[in-house]
Amino acid sequence: MATQRTFSIIKPDATRRNLTGAINAKIEEAGLRIVGQKRIHMTKAQAEAFYAVHAERPFYNDLVSFMISGPVVVQVLEGENAVAAYRQVMGATNPADADEGTIRKAFAESIEANSVHGSDSDENAAIEINHFFTEDEIVG
Ligand code: IDP
Ligand code: MG
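Keep in mind it's a predicted model, so treat the numbers as computed, not measured.

*Asks:* How should I be thinking about helix 5 (residues 82–90) in this particular structure?
*Replies:* An α-helix turns once every 3.6 residues. As a result, residues three or four positions apart point the same way. Listed in full, the buried residues belonging to helix 5 are A82, V83, Y86, V89 and M90. Considered in projection along helix 5, the buried side chains sweep an arc of 135° and stay on one side of the axis. Residues of helix 5 that are buried make contact with strand 1 (3–10), helix 2 (20–29), strand 3 (72–80), helix 6 (103–107), strand 4 (116–118) and helix 7 (122–132). In the stretch just after helix 5, G91 is the one whose phi turns positive, near 90°.

*Asks:* Explain the pairing of strand 1 here, please?
*Replies:* Two faces, one strand: in a regular strand the side chains alternate between the faces of the sheet. Counting buried residues in strand 1 gives 6 out of 8 residues, a clear majority hidden from the surface. Inspection of the sheet shows strand 1 paired to strand 3 by 8 bridges, in the antiparallel sense. Each residue of the ladder has a partner; that of F7, found in strand 3, is V76. Of the strand pairs in this sheet, strand 1 and strand 4 are connected by 3 bridges, and their pairing is antiparallel. From the neighbouring strand, S8 faces strand 4, where its bridge partner is G118.

The rules behind each value
- The residue numbering used here restarts from 1 in each chain and proceeds along that chain's sequence as written.
- For this description, chains carry letters from A and ligands carry numbers from 1, given in the order in which they are written.
- Per-residue local features of the predicted model are confined to residues with pLDDT of at least 70, and side-chain atom pairs are confined, for both listing and counting, to 80 or more; whole-chain, interface and lining totals are unaffected and use all residues.
- Computation of side-chain values: all heavy atoms of the structure, hydrogens and water removed.
- Partly exposed residues are those whose accessible area sits between 20% and 50% of the maximum for their type, while under 20% is buried and over 50% is exposed, using a 1.4 Å probe and protein chains only.
- Strands are runs of DSSP state E lasting at least two residues, helices are runs of H or I lasting at least four, and both sets are numbered from the N terminus onward.
- What the arc covers is the set of directions going from the helix axis to the C-beta atoms.
- The contact rule is simple, with two residues in contact once any of their heavy atoms fall within 4.5 Å.
- Between any two strands, pairing holds if DSSP finds at least two bridges.

In structure tokens, the structure reads:
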């Protein structure tokens, strides 16, 4: 598998608890390179658009409120098979189901406040990266 990029968000529950460095350590230990990174406070419109695929789910409004409840760190990660590799180090959506050693097992507070987002496909990674980064902000 060739070098690939994926999109990551360190969510407000993690920035609030000062876990950016600890999460970045797990990302780097997994062999992924952080090639773009910035700390932002998402607008409501940005969060709604980002999670539009979940608009019909019962947790959508709560999820949008959570994602704008504090700063987030948006990231571009690069590496071998990056989309799948990051999903693996993130762990399951519900931390109760997450494997030992994963970010969500170590840090997530709940199924909603689960510390990180990672793209679920190569196609969505490209869309999500373009949403938050210009090409000159990504330095490999
Ligand atoms: P993922 O982040 O593991 O890809 P998705 O199903 O894409 O999981 O859900 C997006 C986000 O929505 C999750 O990371 C979590 O923050 C939130 N979420 C998912 N399922 C639930 C739920 O059942 N209750 C509350 N929040 C949820
Ligand atoms: Mg998802």
